[in-house]
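# Close look at the chain arrangement
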Amino acid sequence: MSDIRLTGITKRYTRHAAPAVDDVSVTVRDGEFFVLLGPSGCGKTTLLRTIAGLEQADAGTVHLGDRDVTGLPPRRRDIAMVFQGYAVFPHLTVAENIGFGLAMRKAPKQEIAEAVEYAAGLVRLDDVLDRYPSALSGGQRQRVAVARAVAVRPSVLLMDEPLSNLDALLRLSFRSDLKALAKELNTTIVYVTHDQVEALSLGDRVAVMRAGEIVQCGTPMEVYDRPATRFVGGFLGTPPMNLLPVRRAQDGWTAAGEPFAVPEEHADRVGDELWAGIRAENIEPSTTEVPGALPARVRLVEPLGSQLLVSVTVGDESVKLLTPTDFPAGDDSRLWLRVPPERVRWFDPASERALDGTDRAGTDRAGAAVSSG
Ligand code: ATP
């Protein structure tokens, strides 16, 4: 069993500053590809390094399977780590780099050779084993770093932004490679990134972090479709989720002065304002008037290749929508926007939390892991 159980992890680097990681409890399941996602400085790396044993938490415990490893040094945790940038040894060949971890453990030559062959095969480096890193591309060097981590067959593999030094095209192909590799390895993987596309495409589950806390943890579709807070809705998605203030008026609710239906169960729970969270791709635009649709004016049309990103105003509110490329949205033209009620995510402006109770699924401050997804 290689599940990772974090309970009440808190880490403070300086006494008076806010904690880098603040009372985080979460369980990463055996064999899972688990992604820590969040903006710069939110504590992802600190949490990863705490799992590795490279940082000691001020409070909380780390369990790997049934072992409490909280006080153990990194080498006794059966963990391998791939860092940002490709830290390969320039004076060793690809094969020697990949076998480095096993050689350090004084493994028999035959075992090292087999492990190198296995790991190199997984990352498609079989035909460059005798080369030195200087004769490799950036993508190949990064694959050496991954193969070196994989060669020791760790029960847990930790990766910190391993794709960040690669150009866009390499990132894309390496991302697919990593996903295939994870399936093949069946190792528990914790992967840190601030790139939401990477997180959604790689993770079995994604934990979204902000200011040292996990704000939501769920499958990629859960965190994308059902963000627990306004922050998650805004952090995931290109463009971010639209937020439309919906206010109580004399005879019902309105958005930008137009009638807008609010489900009864929410209307009863909050004050005079709600936020309707609407994904750009869920808005149905029409160039002719549709009863009940929001009237809008086109401000900007940006072709994205496969779609158009159309920025409009609805009254004083700015809204972005995605349309097929042949949609006739001219600058300054009028549109009517239908918003399917079942696609609206409602938020309470006071707490900025979603109104349906989806809340930190998969984590629990008291320490017990809650299953989700
Ligand atoms: P990034 O994506 O930029 O790497 P991150 O989410 O991984 O960010 P951390 O590196 O974990 O964030 O940092 C969390 C907070 O802790 C930040 O405010 C950072 O400045 C602070 N911090 C990190 N390492 C140290 C350190 N060694 N000493 C003091 N403060 C630190």
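Residues numbered from 1 in each chain as written. Predicted model: local features only at pLDDT ≥ 70, side-chain atom pairs only at ≥ 80, totals over all residues. Heavy atoms only, no water.

## Details of the overall build of the protein chain
The criterion, for reference: In DSSP terms, a helix is any run of H or I states spanning at least four residues, a strand is any run of E spanning at least two, and both are numbered starting from the N terminus. Exposure is judged per residue with a 1.4 Å probe applied to protein chains only, and the accessible area is read against the type maximum: over 50% gives exposed, under 20% gives buried, and values in between give partly exposed. Computed with a 1.4 Å probe, the accessible areas rest on the Shrake-Rupley method; for each residue, only the protein chains presented here act as cover. The charged-residue count follows a simple rule in which Lys and Arg add positive charge and Asp and Glu add negative charge, with His and chain termini not counted at all. The location of each charge is read from NZ of Lys, CZ of Arg, CG of Asp or CD of Glu.
Along the protein chain, the regular secondary structure elements total 10 helices and 21 strands. Along the three orthogonal principal directions, the C-alpha set of the protein chain runs to about 80 × 45 × 35 Å. Counting every position in the protein chain, which comprises 373 residues, the buried fraction comes to 51%. As presented, the protein chain carries roughly 17,600 Å² of accessible surface, and 50% of it is formed by carbon and sulfur atoms. A gap of 6 Å separates the mean positions of the 42 positive and 50 negative side-chain charges of the protein chain.

## Observations concerning the packing of helix α5 (residues 138–151) against helix α6 (residues 168–185)
Applied cut-off: Simply put, an axis is a line fit to the C-alpha atoms, just over the touching stretch for a helix, and the angle between two N-to-C directions goes from 0 to 180 degrees. Every angle not falling under 35 degrees, over 145, or within 65 to 115 is termed oblique; those three ranges are roughly parallel, roughly antiparallel and roughly perpendicular. In a left-handed crossing the near helix is turned counterclockwise from the far helix by less than a right angle, and in a right-handed crossing that turn is clockwise. Whether two residues are in contact is decided by their heavy atoms, any of which lying within 4.5 Å being enough.
Their axes nearest at 11 Å, the elements α5 and α6 cross at an angle of 15 degrees. By the angle class used here, α5 and α6 are roughly parallel. Like other packed secondary-structure pairs, α5 and α6 cross with a definite hand, here right-handed. On the side of α5, the interface is formed by Gly139, Gln142, Arg143, Val146 and Val150, while α6 contributes Leu170, Phe174, Asp177, Leu181 and Leu185.

## Here's the deal with the domain arrangement of the protein chain
Filter applied, for reference: Each domain's extent was defined by an automatic or database domain assignment. Here the buried area means the combined drop in accessible surface, using a 1.4 Å probe, for two parts upon being joined, counting both sides. Any carboxyl oxygen of Asp or Glu within 4 Å of a side-chain nitrogen of Lys or Arg constitutes a salt bridge here. Two N or O atoms form a polar contact when they lie within 3.5 Å of each other; inside protein one atom must be a possible hydrogen donor and the other a possible acceptor, and for residues adjacent in sequence the pair counts only when both atoms belong to side chains.
On domain assignment, one finds that the protein chain holds domain 1 (4–227 + 362–372) and domain 2 (232–347). With centres defined by C-alpha atoms, the gap from domain 1 to domain 2 works out at 38 Å. At the interface, 14 residues of domain 1 touch 12 residues of domain 2. Considering only the side of domain 1, the residues that lose the most area to domain 2 are Gln196, Tyr224 and Pro227, jointly responsible for 55% of the buried surface there. Scanning the region where domain 1 abuts domain 2 turns up 0 salt bridges. Run the count over domain 1 and domain 2 and you get 6 residue pairs in polar contact (both at pLDDT 80 or more). At the level of secondary structure, the elements contributing two or more residues to the side of domain 1 that touches domain 2 comprise α7 (196–202), β10 (213–218) and α8 (220–225).

## Details of the sheet that holds strand β20 (residues 345–348)
Sheets are built from strands that pair by backbone hydrogen bonding, the pairs being arranged parallel or antiparallel. For the record, the criterion: A strand pair is defined by DSSP finding two or more bridges across the two strands.
With antiparallel pairing, 6 strands are arranged side by side in an open sheet as β13-β12-β11-β14-β20-β21. Two strands in the sheet have a free side with no partner beyond their single neighbour: β13 (258–259) and β21 (353–354). With 2 bridges joining them, β20 and β21 adopt antiparallel strand pairing. In the sheet register, Phe347 faces β21, and the bridge partner there is Ala354.

## Considerations on the site of the ligand
Worth spelling out the cut-off: Near residues are defined by distance, with any heavy atom within 4 Å of the molecule or strand qualifying the residue. Basically, the charged four are Asp, Glu, Lys and Arg, the nonpolar ten are Ala, Val, Leu, Ile, Met, Phe, Trp, Tyr, Cys and Pro, and anything else, Gly included, counts as polar.
Taken together, the residues surrounding the ligand are Tyr13, Ala20, Pro39, Ser40, Gly41, Cys42, Gly43, Lys44, Thr45, Thr46 and Glu161. Contact distances for the ligand include 3.1 Å between an oxygen atom and a backbone N or O atom of Cys42. Within the side chain of Thr45, one N or O atom sits 2.7 Å away from an oxygen atom of the ligand. The fraction of the free accessible surface of the ligand (630 Å²) that becomes covered by protein chains is 56%. Across the shell around the ligand, the residue classes break down as 4 nonpolar, 5 polar and 2 charged.

## Focus on the sheet that holds strand β16 (residues 294–303)
Taken in spatial order, the 5 strands make up an open sheet running β15-β19-β16-β17-β18, and their pairing is antiparallel. Two strands close off the open sheet at either side, each with one partner strand: β15 (284–286) and β18 (317–323). Each neighbouring strand pair of the sheet contributes to a mean axis angle of 40 degrees, computed without reference to strand direction. Pairing analysis gives 4 bridges linking β16 to strand β19 (residues 334–338), with the strands arranged antiparallel. Within the sheet, the bridge partner assigned to Ala296 lies in β19 and is Leu335.

## Thoughts on the packing of aromatic side chains
We apply this condition: Pairing of aromatic side chains here covers Phe, Tyr and the six-membered ring of Trp, requires ring centres within 6.5 Å, and sorts the geometry by plane angle: under 30 degrees stacked, over 60 edge-to-face, intermediate tilted. Ring-over charges, as used throughout, are those where CZ of Arg or NZ of Lys falls within 6 Å of the ring centre and within 35 degrees of the ring normal.
Scanning all chains against the criterion turns up 4 aromatic pairs. The ring centre of Trp275 lies 4.8 Å from the NZ or CZ of Arg230, which sits over that ring. It is Arg279 that lies over the ring of Tyr224; its NZ or CZ is 3.9 Å from the centre.

## A look at the pattern of salt bridges
Evaluated as defined, the whole model comprises 12 salt bridges. For Asp177, the salt bridge goes to Arg124, with nearest N and O atoms at 2.6 Å. Residue Asp177 is located in helix α6, and its partner Arg124 is located in the loop between α4 (109–122) and α5; the two are separated by 53 residues in the primary sequence. Judged by relative accessible area, Asp177 falls into the partly exposed class, the value being 22%. Note that Arg247 and Glu273 form a salt bridge whose closest N and O atoms lie 3.2 Å from each other. You can see Arg247 sitting in strand β11 (residues 242–249) and its partner Glu273 sitting in strand β14 (residues 273–278), a full 26 residues away along the chain. Glu273 gets classed as partly exposed once you look at its relative accessible area, which sits at 28%.

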